[in-house]
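One letter stands for each residue in the lines below.
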Amino acid sequence: MPVEQTLSIIKPDATRRNLTGKINALFEDAGLKIVAQRRIRLTKEMAEKFYEVHAERSFFDDLCNFMISGPVVVQVLEGENAVAQNRQIMGATNPANADAGTVRKLFGESIECNSVHGSDSLENAKTEIEFFFAKMDIVG
Ligand code: CMP
């Protein structure tokens, strides 16, 4: 299986509840390696740019305001099939529909406050990683 990298964001609802370590343990226990990580405060401009594919959606403004409501932890996860594997670890977008044991089932509060973001394709993973990290920030 190919080794991939994917972009993960631990969202403000999770950092507010001090869940970074518990979420990271789920990634690591599943075999993903955290090869870059930074705790930051997004600006409105960054949130709008990052989520620009959703610009026409009704939830766009709420989503961007939520993402700047507290610190986030941006990270690069590496492993075999990391993009798909991380999406399995995260669970469905809406925590109500997420499988038992997934991050969003364990910790998500709502479809907006769903604790984590993860890239949805290898192509988007590359773009999203470059949005936050330089090559030298990523140490495998
Ligand atoms: P994420 O994986 O970060 O990508 C876009 C986010 O939009 C998604 O997780 C959800 O948290 C958020 N969102 C808020 N409302 C909705 C909705 N009605 N449908 C899909 N995504 C939503």
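Residues numbered from 1 in each chain as written. Predicted model: local features only at pLDDT ≥ 70, side-chain atom pairs only at ≥ 80, totals over all residues. Heavy atoms only, no water.

1. A few points about the nonpolar core
Among the nonpolar cores identified, the biggest contains 22 residues, and Ile9, Met67, Phe132 and Phe133 are the most heavily contacted of them. Going through the elements one at a time, strand 1 (3-10), strand 2 (33-40), helix 3 (44-50), helix 4 (60-67), strand 3 (72-80) and helix 7 (122-132) are the ones with two or more residues in this core. Considering every element that reaches this core, the biggest residue donor is helix 4, with five residues. Contact partners of methionine 67, with chain neighbours within four places excluded, come to Ile9, Lys11, Pro12, Leu42, Ala47, Tyr51 and Val72. (Core = buried A, V, L, I, M, F, W, Y, C linked by side-chain atoms within 4.5 Å. Buried < 20%, exposed > 50% of the residue type's maximum accessible area, 1.4 Å probe, protein only. Helix = DSSP H or I, 4+ residues; strand = E, 2+ residues; numbered from the N terminus. Contact = heavy atoms within 4.5 Å.)

2. A closer look at helix 5 (residues 82-90)
Where helix 5 is concerned, the buried positions are Ala82, Val83, Asn86, Ile89 and Met90. Down the axis, helix 5 shows its buried residues gathered within 125° of arc, on one side only. Buried residues along helix 5 sit against strand 1, helix 2 (20-29), strand 3, helix 6 (103-107), strand 4 (116-118) and helix 7. Two residues or fewer past helix 5, glycine 91 is found with a positive phi of approximately 90°. (Arc of directions from axis to C-beta.)

3. Brief notes about the sheet that holds strand 1
Two orientations exist for strands paired in a sheet by backbone hydrogen bonds: parallel and antiparallel. Taking strand neighbours across the sheet as the criterion, the four strands line up as 2-3-1-4 in an open arrangement whose pairing is antiparallel. Two strands lie at the open edges of the sheet, namely strand 2 and strand 4, each paired on one side alone. Going from strand to strand, the sheet's axes swing by 20° on average, the running direction of each strand aside. Of the pairings in the sheet, the one linking strand 1 to strand 4 comprises three bridges and is antiparallel in character. Considered in strand 4, the bridge of isoleucine 9 is made with histidine 117. On the sheet, helix 7 packs against strand 1, strand 2, strand 3 and strand 4 and is oriented at approximately 55° with respect to strand 1. (Pairing = 2+ DSSP bridges. Axes fitted to C-alpha atoms, helices over the stretch in contact; angles between N-to-C directions.)

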